[in-house]
Amino acid sequence: MAQIRYQHVGKRFGAVQALEDLNLVVADREFVTLVGPSGCGKSTTLNLTAGLEDPSRGEIYIDGQLVNAVPPGKRDIAMVFQSYALYPHKTVRENIGFGLKVRKMARAEIESRVQQAAQSLEIDHLLDRKPRQLSGGQRQRVALGRAITRNPKAFLLDEPLSNLDAKLRIQMRAELKLLFARVEGTVLYVTHDQAEAMTLSDRVVVMHHGQVQQVGPPLEVYNQPRNLFVAGFLGSPNMNFLDCHLHVQDGMWQVQGEDMPEGALTLTEADLEAMDLLAHRDRLHGSAILGIRPEDIAFSPRSEADATDSHLPCQVIVVEPMGSMNILVVAVGRQRLMISTGPDQDIRAGERGWLTFNRAKLHFFHGETELNLRA
Amino acid sequence: MAAARTFVSQQRLGRLLLYLVTAAVLVAVAFPAYWLVTTAFKYEVDTIVSPPIILPLRGTLRNFTDVLRVEHIGQFFLNSALIALVSTGLGVLLGSMAAYSLSKVYMAYRIRQVIMIWILIVRIFPPITTAIPYFVIIRGLNLSDTHVALILTHTAFTLPFVIWLMLGFFQDLPDAIDKAAIMDGCSLWQRFCQITLPLALPGIAVTAIFTFIYSWNEFLYASMLTSRTAKTLPVVIAGYMSDKFLRWGEMSALAAMMVVPVMIFAGLTQRYLVRGLTFGAVKE
């Protein structure tokens, strides 16, 4: 296993800058996920690492060795493709062992490695079948088997679960985590599914427009998004955003906006402390964007909210019962917010009430730069 | 109710028309074959009577025995087979390699287009226009009346066809499979032989059938570049036609016999014509 290091790596396709100045170190045995919307440069990064594309500039090191000029087959890296890319004319056994055969490994050694991989993926009973005789999940396992038999320096996985149905995807997600913990692999994983990014990774790299937006452990990125994009991309349902205006009055910070009447949200120094914003209090003025996650908003019917000091009047528009929770879509003025509540709270569409924010979990983003004011 | 009945009767009429058209096409396609086979079994006098005998009531094997008694006919048959098989093999191999590189090597769209048209040019002008230069070149190379002369010629003429056809098949193969093979450490040649060619077998089968038929039936260059040693069957057939006689019976008998190897070759390659061979490789 090995470390992968990117130094000022960029890739340009004609007029399109697919990747801009990537600087990243994937540690030995680390599971790093590149996440972002399509066209954000994550697959390009993977292809550059594999050697399927050449970087326009910068250097890529695997295990300390500069690999820019090393052909893909010599980089000792395994890749799992979104489409599985199995060889349709070869059996499962031949598919898994093909990379070893190309490397001229002894036949007995190939067979033992294939058996080992097949057993660990529970596909040892399918070894003599052709890919067309397998289900989607089984093909996925064969593709993984092909990667792990080689004992490569690193694994590159390009949206490996996105062709599976929702149920199987969740099951395979857990198995992937177990598998790569067992083989102690350095893994670079690409997905646009933030749930995969959150659950699988040691660190996530959020990308957008060819640029790295934030790198960090999943919960850190989730709880302390560096900018508006990261905040909006991670989390389901999405983080809510409200345009607002900040000003200080009597030592308190007033958050107001078109849809937030005066006094709806007032922050004290203690609140700022909880938000980790006290050191940056001078930034809290002028136009900003308030961000709050659905689980950090509480809805209460009119009668109970009289006493609270910070609250927003709202009306419930849609109730989506998910079983384990309810998702409410509420109207605050002309804005729509999403709230997740407990499944037992009996709320009907059309009901009016009050929203209370968990003030320690508020995020403020700069109105123009969209950077988190805490950053 | 009346409207519904009209609709049904219209449908019936439509179906009837469809059958008629199908029958007409079938007759147009099958009649020449029928005519060829029946003529092969006709007495000489029956082949030239007017009106022609559509349904012969008597037949003979005389034409066949006459044809088989022609001097060196076995050798001419072997010539045809050898030249057709070798030029098919060469054409398909070289053409596939060219098509593969065209499908994999990155080049600007326009450049590829120019190359593709350039390749096609060989087939654009009528073969007769290059006949004299070919004749002179082959004679200059001391290759007149050799198998090599015809093999080279036929391969050259089938290459553009093979390249164009195979390029289509290669471009249809999923790119990810090629990438997977690259990651597995395959060289370009290994990818071509072990991954791409097996997957393109249906395409190769189709291409091979067409090139085989072309070479097997090719007459112009065969008659010009061969005289005795490398003479092929189409040239023999032409020999039954002169200003003094027209031997319909023998011509048809030999032509009917010539169809048989083509049928066998097509039958052998047909099992590769399974569609959807790449099914299961990648999830679309």
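## Digging into the interface of chain B and chain A
Here's step 1: Each partner contributes to the interface: chain B provides 22 residues, whereas chain A provides 26 residues.
Here's step 2: Carbon and sulfur atoms supply 63% of the area buried between chain B and chain A, which totals about 2,200 Å² over both sides.
Here's step 3: Between the two partners, chain B and chain A, sit 1 salt bridge.
Here's step 4: We note a salt bridge from Asp184(B) to Arg150(A), for which the minimum N-O separation is 3.5 Å.
Here's step 5: One can count 6 residue pairs in polar contact (both at pLDDT 80 or more) joining chain B with chain A.
Here's step 6: Among the elements of the structure, helix H8 (175-183) and helix H9 (188-199) of chain B are those that each provide at least two residues to the side of chain B that touches chain A.
Here's step 7: Top contributing element to the side of chain B that touches chain A by residue count: H8(B), with 7 residues.
Here's step 8: Residues belonging to the side of chain B that touches chain A are distributed by class as follows: 14 nonpolar, 5 polar and 3 charged.

## Examining the sheet that holds strand S18 (residues 335-341) of chain A
Residue and element names in this part refer to chain A.
Here's step 1: Strand order in the open sheet formed by 5 strands is S15-S19-S16-S17-S18, with antiparallel pairing between adjacent strands. Pairing within the sheet leaves two strands with one partner each, and these edge strands are strand S15 (297-301) and S18. If you compare each strand with its neighbour and ignore which way they point, the axes differ by 45° on average.
Here's step 2: In this sheet, strand S19 (residues 352-357) lies alongside S15 in antiparallel orientation, the contact comprising 5 bridges. By the bridge assignment for S19, Phe 299 is matched with Leu 355.

## Here's the deal with the environment of Ala256(B)
Residue and element names in this part refer to chain B.
Here's step 1: Relative to the elements of secondary structure, Ala 256 occurs in helix H13 (residues 248-270).
Here's step 2: Residue classification places Ala 256 among the buried residues on the basis of a relative accessible area of 18%.
Here's step 3: Linking Ala 256 and Ala 33, residues 223 residues apart in sequence, is a C-alpha distance of 8.6 Å.

## With respect to H8(B)
Since one α-helical turn is 3.6 residues long, residues separated by three or four positions face the same way.
Here's step 1: Burial analysis of H8(B) places 7 of its 9 residues in the buried class, the great majority of the element.
Here's step 2: Within H8(B), the full set of buried residues consists of Ala176(B), Ile177(B), Asp178(B), Ala180(B), Ala181(B), Ile182(B) and Met183(B).

Reading guide: rules and limits
Residues numbered from 1 in each chain as written. Chains lettered and ligands numbered in written order. Predicted model: local features only at pLDDT ≥ 70, side-chain atom pairs only at ≥ 80, totals over all residues. Heavy atoms only, no water. Contact = heavy atoms within 4.5 Å. Buried area = accessible area lost by both parts, 1.4 Å probe. Salt bridge = Lys/Arg side-chain N within 4 Å of Asp/Glu carboxyl O. Polar contact = N/O pair within 3.5 Å; in protein donor to acceptor, adjacent residues only side chain to side chain. Helix = DSSP H or I, 4+ residues; strand = E, 2+ residues; numbered from the N terminus. Nonpolar A, V, L, I, M, F, W, Y, C, P; charged D, E, K, R; others polar. Pairing = 2+ DSSP bridges. Axes fitted to C-alpha atoms, helices over the stretch in contact; angles between N-to-C directions. Buried < 20%, exposed > 50% of the residue type's maximum accessible area, 1.4 Å probe, protein only.

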